Amino acid sequence: MRVVMKFGGTGVDSCQNLINVSELVTNYKRDNGYEIVVVVSAVRGVTDSLLNLTDSINKHENVSIQDFLVNLRRIHIKIIEDCIHSKKLHDLAEEKITDILGELKEVLGGIVILRDVTPKSLDYLLSFGERLSASLVSFALQDKGESTECLTGKEVGIVTDSNFGTAKPLMDTTRLRVRHRIERLLETKKIPVITGFIGSDQNDNVTTLGRGGSDYTATIIAASINADETWLWTDVDGLMTADPKIANDAQVLKEISFSEAMEMALFGAKYMHPRALEPVIEIGIPVRIRNTMNPSNLGTMISQNPSDRSKKIVKSVSAIRQTGLIDVGGTAMANAPGTAAKIFDVLAKKDINIIMISQSPSESSISMVLRKNDIEKAVSILELSLLGRVIRKVEVNSNVSVIAVVGSGMRGIQGVAARVFSAVARENVNVIMIAQGSSQLNLAFVVSDNDCETAVRALHREFDLGKPEPDCDA
Ligand code: ADP
Ligand code: ASP
Ligand code: MG
């Protein structure tokens, strides 16, 4: 059995967790004879801290690169402290961390002088999180007696377009290169340990695949080497009926179809990359989501044809947070063909992704939901390009959440929307905007972020999602 195993940021954020991860991998390799490819996310919090740092640099705030690097070093050195027992390997691991941080120091130095973080330099910067964590995992596995090879996404052959921050793999080239690189390592019984989240464009610039991109790396690799399964190891028992941090009675979905899981990912479930399942759907490579702290649980199996266990209309409630709403309006927008196209065009030219759109029947306003970090850029470009001509006003609510109920059982069933909106109304939650995809696999709406958790819990209750599913043979 050939399995790509991806470990999330919480799986590698402490010495104990790193030992746990290396034991899981070696057990599956030795006891079950699995061929394993490991994909690793940055240590929990590291990508965010790199992003916060660049934010401060962009805002011309005073930042101490020295303090930042010392802290990053402390975090990683502490993880290997009691985990790597061989003195030689421990020293080599420390040396590697020092080397990577030395390179990071140079990059940060350049950025600070220019006081400008371009999308290209940001991707290079963000790649350091995964480079550090993958090295830790690689040395921890060597400490257990395994032979490993640690590779960046670029080194393993993940070639992407040049959309920095949300790069997409060029699958034909990627498949050839990755297969070639990994097959050789597996033949010699080595464990490839690969940085998640990172690729490189055709000009050899480092690119990143977007937040949560390590899940995507795992499926890109699985599709390239014809793996039997992809396992996404994380800190919860699987894909659940809601974020367990919001609904404490959330249940694990034991089996779920690719299309439902894709829909859930699009709406923020498990913060999975929205495209993460794309590479494996066509070939039908199943994806499991499992808990590193509870490996006896088989987690969630995502596949083409799950056995039809659940008769529930709605399978899960998800939320995308950190989003904002932009309303553009003006009487000149009514009956003016091409207005919407102009608005979306100026945003697209700045690589701004729109999560949700709705237009009022009077055609005099269009509302759009965007990621919070795109709001400032979007408002500025809309004002510069269209205000006073195509549009008369641009209004912003920068603190909203998109809530979605997802489930294939909703198709053709009447009354789901009524139940959804009655349930949130009973909790006095105001619905700001509504959208239903034509697939009828989801119903999504926008609320103020302060109401997000109340709305998720109300819907979780309304559709009985906190009740365990009966076993299929019960
Ligand atoms: P990883 O680093 O393993 O990728 P993430 O933090 O990205 O982990 O994602 C796991 C987290 O996703 C869980 O801790 C959980 O709080 C959150 N989450 C949100 N929605 C769901 C859901 N429907 N099912 C499972 N987890 C969810
Ligand atoms: N480290 C990246 C992020 O935080 C990728 C990942 O964790 O999947 O988004
Ligand atoms: Mg993640």
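Scoring rules and cut-offs
Residues numbered from 1 in each chain as written. Chains lettered and ligands numbered in written order. Predicted model: local features only at pLDDT ≥ 70, side-chain atom pairs only at ≥ 80, totals over all residues. Heavy atoms only, no water. Phe/Tyr/Trp six-rings, centres within 6.5 Å; stacked < 30°, edge-to-face > 60°. Lys NZ or Arg CZ within 6 Å of the ring centre and 35° of its normal. Pairing = 2+ DSSP bridges. Helix = DSSP H or I, 4+ residues; strand = E, 2+ residues; numbered from the N terminus. Axes fitted to C-alpha atoms, helices over the stretch in contact; angles between N-to-C directions. Contact = heavy atoms within 4.5 Å. Near = heavy atom within 4 Å. Polar contact = N/O pair within 3.5 Å; in protein donor to acceptor, adjacent residues only side chain to side chain. Areas by Shrake-Rupley, 256 points an atom, 1.4 Å probe, with all protein chains shown as cover. Nonpolar A, V, L, I, M, F, W, Y, C, P; charged D, E, K, R; others polar. Buried < 20%, exposed > 50% of the residue type's maximum accessible area, 1.4 Å probe, protein only.

Turning to the packing of aromatic side chains, a few remarks are in order. Scanning the entire structure with this criterion turns up eight aromatic pairs. One aromatic cluster is present, built from ring pairs that chain together Phe-7, Tyr-28, Tyr-34, Trp-231 and Trp-233. A cation sits over an aromatic face here: Arg-290 above Trp-231, 4.7 Å from the ring centre.

Moving on, we get to the sheet that holds strand 8 (residues 229–234). With mixed pairing, eight strands are arranged side by side in an open sheet as 3-5-2-1-8-10-11-9. The sheet terminates laterally at strand 3 (148–151) and strand 9 (255–257), the two strands that pair on one side only. Taken pair by pair, the neighbouring strands of this sheet meet at an average axis angle of 20°, ignoring direction. Bridging between strand 1 (residues 2–7) and strand 8 involves five bridges; their strand directions are parallel. Paired with Met-5 across the two strands is Trp-231, which belongs to strand 8. Docked against the sheet, helix 5 (residues 119–143) engages strand 2 (35–40), strand 3 and strand 5 (191–195), running at close to 160° with respect to strand 5.

This part takes up the site of ligand 1. Around ligand 1, a shell composed of 17 residues is seen, among which Thr-234, Asp-235, Met-240, Asp-243 and Lys-245 lie nearest. Take Asp-235: an N or O atom from its side chain is 2.8 Å from an oxygen atom of ligand 1. Lys-270 has a polar backbone atom sitting 3.1 Å from a nitrogen atom of ligand 1. Contact with the protein chains removes 89% of the 570 Å² of surface that ligand 1 exposes when unbound. In terms of residue class, the shell around ligand 1 is built from eight nonpolar, four polar and five charged.

Next up on the list: the site of ligand 2. Inspection of the region around ligand 2 gives Ser-41, Ala-42, Thr-47, Glu-130, Phe-197, Arg-211, Gly-212, Gly-213 and Ser-214 as its neighbouring residues. Note that a nitrogen atom of ligand 2 is positioned 2.8 Å from one of the side-chain N or O atoms of Thr-47. In this structure, a nitrogen atom belonging to ligand 2 sits 2.7 Å away from a side-chain N or O atom of Glu-130. Each residue belonging to the shell around ligand 2 can be placed in one class, and the counts come to two nonpolar, five polar and two charged.

The buried fraction of strand 17 (residues 442–448) is high, at six of seven residues. Inspection of the sheet shows strand 15 (residues 393–406) paired to strand 17 by seven bridges, in the antiparallel sense. By the bridge assignment, Val-400 is partnered in strand 17 with Ser-448. Of the pairings in the sheet, the one linking strand 16 (residues 433–436) to strand 17 comprises four bridges and is antiparallel in character. Bridge pairing in strand 17 links Ala-435 to Ala-444.

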